[in-house]
Amino acid sequence: MNLLKTNKKQDNLTYQNNLTFAQQCDTDDPLKQFREAFLFPKDEAGKPLVYLCGNSLGLQPKRTQKYLQEELNDWSKHGVEGHTDATNPWLPYHEFLTENMAKIVGAKPSEVVMMNTLTTNLHLMMVSFYQPTKKKYKIVVESDAFPSDKYAVESQLQFHGFDAKDGLILWTPREGEELCRYEDLEAIMETQGDEIALLMIGSTNYYSGQHFPLKKITALGHAYDCMVGFDLAHGAGNIQPNLHDTGADFAVWCSYKYLNSGPGSLGGCFVHERHANNSKLKRFTGWWGHNKETRFNMRHEFDALPGAEGWQLSNPPILSMAAIRASLDVFTEAGFDNLRMKSKKLTGYLEFLLDELKDDRISIITPRNPEERGCQLSIQLRSANKAFHTKLTEAGVISDWREPDVIRVAPAPLYNSFEDVFDFVQRLKKVLG
């Protein structure tokens, strides 16, 4: 092998800027077989594209079609009786997802449920965990939170009769910086903590890729008698949030990004077990959150299920859940700790190769510390516009563009390879000219 001198290491792996090294890493990868479990988009010549966009939409597991077809077959065979007689009965279907999902987010099964979609779940959680008073009503979000989160918290403030501009506090990077500093959040709490009711933070920022210290944020919020929730849209299946030990009051996420469940698929919800039987919590209710023993006796008063299940509203869409189950089964076979280990190596290699370009037009705004990021690196291109990204797409790379000048690249450890990373940087180099 042609060894190239480098000062970049990750988990005792010395990176090298050549294809032979990337291919050897893939040969040695204990998770390499999972790449074959997914379907890759192809160009007009039938060659797989370099797909690095799992942060927007994960690839389809090959088994998804089989899982969906099983439910379609049972629907055709049993009709309504499929609720009890299907191979995977539909009545308890969401329970088939719970244990595997709980492992991925570091929670107890009773604290997790798959239901609705992300922003719907966020609103349901704020009904329960955002209980403002005249004095204590403000909500903290990171300044570049995903727009849907910002819209949701602003509407909650307005719903409760507060001015959104006054009630929304933005945790903002310092001038000239791209990342939020924890000490600046501490300063916000020190000066306004007695007015803040809720910290609602994206666990891993969609734009910068920064992964926040969830346990420290939770402890900080609780020290000021605030509720704390996290949006794991870019965290679930990417980093390990350890939600139970973190102590957050709630969390929400989608399943179509790193969890590979298909466009617009169901989201997930975490409610810490200390709230499991709190009848004083306000909530919006529906019949699927009612006691399973009497759910179909239609004349009972609402009797909430304990734990996260008690926040369910309606019977779930089975076809969407079948797709989620297909992906979660792959995650379980791979092991999330193994995936996280590979993720650090893949992202470290991408970082190394980008540095090797020695092109002062590009910079990485994602934290350099692997513990402060997942598998996404956000690449800033000075003086570039979307036309540059279009050229990169034409070169056979699927990534995404975020205004004003950032390309997000996410080598997902379940299906991406070291050669994918190497190929991407070679194509980027050509487009840079």
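Residues numbered from 1 in each chain as written. Predicted model: local features only at pLDDT ≥ 70, side-chain atom pairs only at ≥ 80, totals over all residues. Heavy atoms only, no water.

Q: If you had to explain the overall build of the protein to someone new, which residues and values would you point to?
A: Helix and strand counts for the protein stand at 14 helices and 17 strands. At 23 Å, the protein has a C-alpha radius of gyration in line with the 22 Å of a compact globule built from 433 residues. Within the protein, the fraction of its 433 residues that count as buried is 57%. A separation of at least 24 residues holds for 69% of the contacts in the protein among residues at least 6 apart in sequence. With an accessible surface of roughly 19200 Å², the protein has 50% of that area assigned to carbon and sulfur atoms. Distance from the positive charge centre (48 side chains) to the negative charge centre (56 side chains) of the protein: 2 Å. (Helix = DSSP H or I, 4+ residues; strand = E, 2+ residues; numbered from the N terminus. Rg over C-alpha atoms; globule rule 2.2 N^0.38 Å. Buried < 20%, exposed > 50% of the residue type's maximum accessible area, 1.4 Å probe, protein only. Contact = heavy atoms within 4.5 Å. Areas by Shrake-Rupley, 256 points an atom, 1.4 Å probe, with all protein chains shown as cover. Lys, Arg positive; Asp, Glu negative; His and termini not counted. Charge placed at Lys NZ, Arg CZ, Asp CG, Glu CD.)

Q: Tell me what's going on with the nonpolar core, and back it up with residues and numbers.
A: In terms of nonpolar packing, the biggest core is built from 61 residues, with I217 and W253 touching the most fellow members. Ranked by residue count, the leading element in this core is helix α11 (residues 318–334), at nine residues. When near neighbours in sequence (up to four residues on either side) are disregarded, I217 contacts W171, Y182, L185, L199, I201, F212, V228 and F230. Counting residues in each nonpolar core, the second largest holds 32 residues, with L357, L381, L392 and L428 among its members. (Core = buried A, V, L, I, M, F, W, Y, C linked by side-chain atoms within 4.5 Å.)

Q: Residues and numbers for empty space enclosed by the protein, please.
A: Tallied over the full model, the rule gives two cavities of 30 Å³ or more. Here the largest cavity is characterised by a volume of approximately 60 Å³. Along the walls of the largest cavity sit G237, Y258, N260, F331, L339, A412, P413, L414 and Y415, which together make up its complete lining. Of the pockets and cavities examined, the second largest cavity occupies roughly 30 Å³. In terms of lining residues, the second largest cavity is bounded by G237, N238, F336, L339, R340, S343, C375 and P413. Classifying every residue of the lining of the second largest cavity by side-chain character gives four nonpolar, three polar and one charged. (1 Å grid on protein atoms, 1.4 Å probe; cavity = no way out; pocket = protein on both sides within 12 Å on 5 of 7 lines; lining within 4 Å. Points joined across faces, edges and corners; volume = space filled by probe spheres on them. Nonpolar A, V, L, I, M, F, W, Y, C, P; charged D, E, K, R; others polar.)

Q: Report on the pairing of strand β14 (residues 377–381), specifying residues and quantitative values.
A: Of all five residues making up β14, five are buried, and the element is well covered by its neighbours. Residue alternation in β14 divides its side chains into two sets, L377, I379 and L381 and S378 and Q380, and both sets are buried. Direction of pairing for strand β13 (residues 362–364) relative to β14: antiparallel, over a ladder of three bridges. Residue pairing for β14: I364 is matched across the bridge by I379. Relative to strand β17 (residues 406–409), β14 is paired through four bridges, and the arrangement is antiparallel. Within β17, the position partnered with Q380 by the bridge is V406. (Pairing = 2+ DSSP bridges.)

Q: Residues and numbers for a nonpolar patch on the surface, please.
A: Side chains of L72, W75 and L319 sit close together on the surface and give an oily, nonpolar patch of about 300 Å² of accessible area. When you line up the elements, L72 lands in helix α2 (residues 63–78). Look at L72 and you get partly exposed, because its relative accessible area is 32%. (Patch = residues over 30% accessible without salt bridge, like charges linked within 9 Å, V, L, I, M, F, W, Y side chains within 5 Å. Salt bridge = Lys/Arg side-chain N within 4 Å of Asp/Glu carboxyl O.)

Q: For the confidence of the model for the protein, give the residues involved together with the corresponding values.
A: Of the residues in the protein, 97% have a pLDDT of 70 or more, and the chain-wide mean is 95. Long-range and interchain partners of residues 1–7, a stretch whose pLDDT sits below 50, account for 14 contacts in this model, where long-range means more than four residues apart. (pLDDT = per-residue confidence, 0-100.)

Q: Tell me what's going on with the packing of α2 against α11, and back it up with residues and numbers.
A: Taken N-terminus to C-terminus, the directions of α2 and α11 make an angle of 140°; their axes are 9 Å apart at the nearest point. Of the possible angle classes, the one that applies to α2 and α11 is oblique. Considering the relative orientation of α2 and α11, their crossing is right-handed. Residue-level inspection shows R63, T64, Y67, L68, E70, E71 and L72 of α2 in contact with α11, the latter providing I318, L319, A322, A323, R325, A326, D329, V330 and E333. Residue classes in the contact of α2 with α11 are distributed as nine nonpolar, one polar and six charged. (Axes fitted to C-alpha atoms, helices over the stretch in contact; angles between N-to-C directions. Parallel < 35°, antiparallel > 145°, perpendicular 65-115°, else oblique. Left-handed = near helix turned anticlockwise from the far one by under 90°.)

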